[in-house]
Amino acid sequence: MADTERPVRFLALSVSDAAEDVIGVIRGGARGYVTKTITGTDLVDSIFRVQEGDAVFSPRLAGFVLDAFASTDAPPVDEDLDRLTQREREVLRLIARGYAYKEIAKQLFISVKTVESHVSAVLRKLQLSNRHELTRWATARRLV
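Please read all numbers here as calculations on a predicted model, not as lab measurements.

**Student:** In this structure, what is going on with the overall build of the protein chain? I would like to understand it.
**Tutor:** The helix and strand inventory of the protein chain stands at 8 helices and 3 strands. Secondary structure of the protein chain in N-to-C order comes out as β-α-β-α-β-α-α-α-α-α-α. In the protein chain, buried positions account for 33% of the 144 residues. When contacts within the protein chain are restricted to residue pairs at least 6 apart in sequence, those whose partners lie at least 24 apart make up 56%.

Dropping the structure here:
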């Protein structure tokens, strides 16, 4: 394959270290997953390693991935949840936990307007009407 035709590989950088988030992103094609606590030097190293074809995870996150794909009790594929982006999942989880938009914005380092956009997208994709239904949906899937 010519250098310009390399397959796309991506490394997920997230605030979440929840097993279901890590596994969902890996199922989506990521070659690695690191959290925002990573140092700049380690992040750059991780990017180059993924570019070269390596899989990159912290030891704790690697354990989630190995457990999920090696065991027979791996979390089932949830088509509804898979429709959501990683950020939408983070916002969903915080909404379901009762956080206000302003608190979510502060925690995720985004604007309140962006939180509103993510909530609207989640409600539309899941065909829900309000925060109450969203919280029940998330609770039923043990995302809270």
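Once the structure has been displayed, the description carries forward.
**Student:** Would you mind going over the pairing of strand E1 (residues 11–14) with me for this structure?
**Tutor:** Alternating positions in E1 separate cleanly, Ala-12 and Ser-14 being buried on one face and Leu-11 and Leu-13 remaining unburied on the opposite face. Pairing between E1 and strand E2 (residues 32–35): 4 bridges, direction parallel. What sits directly across from Ala-12, in E2, is Tyr-33. Since E1 and E2 lie parallel, the crossover through helix H1 (residues 19–27) that links them has a hand, and here it is right-handed.

**Student:** Sorry, what's going on with the packing of helix H5 (residues 86–96) against helix H6 (residues 101–108) here?
**Tutor:** A packed helix pair is summarised by two numbers, namely the angle formed by the two axes and the spacing between the axes. Between H5 and H6, the shortest axis-to-axis distance is 10 Å and the interhelical angle comes to 135°. Of the possible angle classes, the one that applies to H5 and H6 is oblique. Considering how the two elements wind past one another, H5 and H6 form a crossing that is right-handed. On H6, the residues touching Arg-87, Glu-90, Val-91, Leu-94 and Ile-95 of H5 are Tyr-101, Ile-104, Gln-107 and Leu-108.

**Student:** Hey, could you run me through the nonpolar core in this one?
**Tutor:** Within soluble globular proteins, side chains that are nonpolar generally end up buried alongside one another. Grouped together as the largest cluster of nonpolar side chains are 21 residues, with contacts concentrated most on Val-91, Leu-92, Ile-104, Val-115, Leu-134 and Trp-137. Listing elements by their share of this core, those giving two or more residues are H5, H6, helix H7 (112–126) and helix H8 (131–140). Discounting chain neighbours no more than four positions away, the residues touching Leu-134 are Leu-92, Ile-95, Ala-96, Val-122, Leu-123 and Leu-128. Judged by nonpolar contacts, the second largest core, of 8 residues, contains Val-22, Ile-26, Ala-30 and Tyr-33.

Thresholds, definitions, all that
Residues numbered from 1 in each chain as written. Predicted model: local features only at pLDDT ≥ 70, side-chain atom pairs only at ≥ 80, totals over all residues. Heavy atoms only, no water. Helix = DSSP H or I, 4+ residues; strand = E, 2+ residues; numbered from the N terminus. Buried < 20%, exposed > 50% of the residue type's maximum accessible area, 1.4 Å probe, protein only. Contact = heavy atoms within 4.5 Å. Pairing = 2+ DSSP bridges. Right-handed = clockwise from strand over helix to strand, strands pointing away. Axes fitted to C-alpha atoms, helices over the stretch in contact; angles between N-to-C directions. Parallel < 35°, antiparallel > 145°, perpendicular 65-115°, else oblique. Left-handed = near helix turned anticlockwise from the far one by under 90°. Core = buried A, V, L, I, M, F, W, Y, C linked by side-chain atoms within 4.5 Å.

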